[in-house]
Amino acid sequence: PSATASSPESTGLPGSSSPLPSAALSPSASPSVSASPSPTPSSSASTVASPSPASSHHTYAVKSGDNLYAIAQRLGTTVEAILQLNPTLRKDPTKLVVGQVIVVP
């Protein structure tokens, strides 16, 4: 077989005259992906998880400068309610660590 010259509709490879599908020539062609849209982050990035169907509790990642009172105020609950859900905090409620995950109502 003799080599043929490339044309705009060929693959561009020497010796090939196979036409490309029209989608390959279109700069706007993109593969069709059927994926669900990714969730949009909420404005409250410190809330780590959604409530489970069996309870109305959430988890909260402690941020720099947080204390139980500030967390309770921000989330519309009480320090006592947070302590009931996190009994280990009762030993020393002032020892929150940045990144620590606590349960909140």
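Structure report, in brief. Because the structure is predicted, anything quoted here is derived from the model rather than measured. Residue numbers here run from 1 along each chain, matching the order of that chain's written sequence. The predicted origin of the model limits local features to residues at a pLDDT of at least 70 and limits the giving and counting of side-chain atom pairs to 80 or more, whereas totals for whole chains, interfaces and linings rest on all residues. In computing side-chain properties, one takes all heavy atoms of the structure into account and sets aside hydrogens as well as water.

## Some remarks on the pairing of strand S3 (residues 101-104)
Along S3, the buried face is formed by Ile102 and Val104; none of Val101 and Val103, which line the opposite face, is buried. Two strands qualify as a pair provided that DSSP identifies no fewer than 2 bridges between them. Numbering of helices and strands runs from the N terminus; a helix is a DSSP stretch of H or I covering at least four residues, while a strand is a stretch of E covering at least two. Relative to S3, strand S2 (residues 58-61) is paired through four bridges, and the arrangement is antiparallel. From the neighbouring strand, Tyr60 faces S3, where its bridge partner is Ile102. Throughout this description, buried means an accessible area under 20% of the type-specific maximum (1.4 Å probe, protein chains only), exposed means over 50%, and partly exposed covers the range between.

## Focus: the pattern of salt bridges
Salt bridge, as used here, is a side-chain nitrogen of Lys or Arg placed within 4 Å of a carboxyl oxygen of Asp or Glu. The full count for this structure, using the stated rule, is two salt bridges. Arg74 is the salt-bridge partner of Asp66, the closest N and O atoms lying 3.1 Å from each other. Under the relative-accessibility criterion, Asp66 is labelled buried at 13%. Exposure remark for Arg74: the relative accessible area of 44% places this residue in the partly exposed category.

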